[in-house]
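# Coordinate inspection notes
Below, each chain spelled out in residue letters.
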Amino acid sequence: MQLGVFDPIFGRLALEPMLDRVVELGLDAIELGTGNYPGDVRCRPADLLADAVGRDRLASAVASRGLAISALSCHGNPIHPDPARAAHDDGVYRDTVRLASELGVGVVNVFAGCPGDGPGATRPSWVASSWPPDFVEALDWQWESVVLPYWQELATFAADNGVRFGVEMEPGFVVYNPRSFERLRSAIGGAIGLNLDPSHLFWQGIDPVETIRRLGTDIVHVDAKDTVVDEA
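Everything quoted here is computed from the prediction, not taken from an experiment.

What counts, and at which threshold
Residues numbered from 1 in each chain as written. Predicted model: local features only at pLDDT ≥ 70, side-chain atom pairs only at ≥ 80, totals over all residues. Heavy atoms only, no water. Phe/Tyr/Trp six-rings, centres within 6.5 Å; stacked < 30°, edge-to-face > 60°. Helix = DSSP H or I, 4+ residues; strand = E, 2+ residues; numbered from the N terminus. Buried < 20%, exposed > 50% of the residue type's maximum accessible area, 1.4 Å probe, protein only. Lys NZ or Arg CZ within 6 Å of the ring centre and 35° of its normal. Contact = heavy atoms within 4.5 Å. Pairing = 2+ DSSP bridges. Right-handed = clockwise from strand over helix to strand, strands pointing away.

Counted according to the given criterion, the structure contains seven aromatic pairs. Both rings, one in Phe111 and one in Phe173, keep their centres 4.6 Å apart while their planes meet at 25 degrees; by these two values the pair is stacked. In this pair, Phe111 is assigned in the loop between strand E4 (107-110) and helix H5 (133-160) and Phe173 in the loop between strand E5 (164-168) and helix H6 (178-188), connecting sequence segments 62 residues apart. Here Phe111 falls in the buried class, since its relative accessible area comes to 9%. Overall, Phe173 belongs to the buried group, its relative accessible area being 10%. Ring centres of Trp126 and Tyr176 lie 5.1 Å apart, and the angle between their planes is 85 degrees; on these two criteria the pair is classed as edge-to-face. Note that Trp126 is positioned in the loop between E4 and H5 and Tyr176 in the loop between E5 and H6, a separation of 50 residues in sequence. Judged by its relative accessible area of 15%, Tyr176 falls in the buried class. Clustering of aromatic rings is evident, with ring pairs tying together Tyr93, Tyr150, Trp151 and Phe165. Here the guanidinium or amino end of Arg94 rests over the ring plane of Phe157, the centre of that ring lying 5.2 Å away.

Mapped onto the secondary structure, Cys74 falls in the loop between strand E3 (68-73) and helix H4 (83-103). C-alpha separation for the pair Cys74 and Phe181, spaced 107 residues apart in sequence, amounts to 18 Å. If we skip the residues at most four places from it in the chain, Cys74 touches Thr34, Gly35, Asn36, Val92, Tyr93, Thr96, Val108, Asn109 and Val110.

A cis amide bond, omega 0 degrees, links Trp131 with the succeeding residue Pro132. Looking at where Pro132 falls in the secondary structure, it is placed in the loop between E4 and H5. A positive phi angle is found at Asn36, which is not glycine, with a value near 65 degrees. Using a relative accessible area of 15% as the deciding quantity, one classes Asn36 as buried.

Another aspect to go through is the pairing of E3. Where strand E2 (residues 29-33) and E3 come together, five bridges link them in parallel fashion. Looking at E3, one finds that Gly33 is bridged to Ser73. Relative to E4, E3 is paired through two bridges, and the arrangement is parallel. The residue of E4 that forms the bridge with Leu72 is Val108. Between the parallel pair E3 and E4, the chain is carried across by H4, and the sense of this crossover is right-handed.

Structural data, given as C-alpha cells:
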C-alpha cells in the first residue's frame, strides 16, 4: 500500500516545493488535480498534452523524489444540464484521460455527474428518494436518457487509452452510495472502478467497512478526510 496526498491541500506551493513537502512528510505518492472542481491546478492537461518536454519534466520531478502519481483527478459534472458547463467538464475529463495515458497513470478520479430533472432543465437535480412518484420518473429519465449513454461512450474512450475511472460516491451526484455505484458499474463494465472516500459514507449512515466488503474488488483508489456529524 502507498500513502499519499491530494495536491490541492498544499495551496499555492509550486509543483517542486510541493513535492519536496510530500517527501518530508514521508509519503509515497501524490494525487494530482487537473481541473474542474479542484480549481486552480498545477497540472493542466491541455497544456501538457501539447508539451512533451513539460510532461517529461513533470514525470521526472515526481520520479526523482521516489514518488508515484497515484491518480489524476478532475472531479466535475460532464452531464450538467447547462451545455457549456457540461462540455467544459467533459473536455477536462477527456484531456485528463489522454494525459494519464501519456504519463502511464492508470486511474483518473471523477464524479459521475448529475443531470437536471428532464429536458429543458438548467440546474442539476439530485434524486435520492423514491417518493413521491415523480422523483422516480425523473431518476429513470436521468439514467436512461443521460447517464448511461454518456458513460458508455466515455468508458470506451478511457479503455482505448488504457485508463480506468475511479468514480467517487459523492452526495449530490447520481453515484453516491454502493447501490448507485453498482448500477453504473454493472451497465458500463471494467472501465469503471471505485475511488473510495469513506467520509461521504459516514454522514449518510453507511458503514464503510461493509462497503469495502461489498465493493472491495472494484476499489482502484482511496481518499480520506475528516467528517463531523452534527447529531442534533
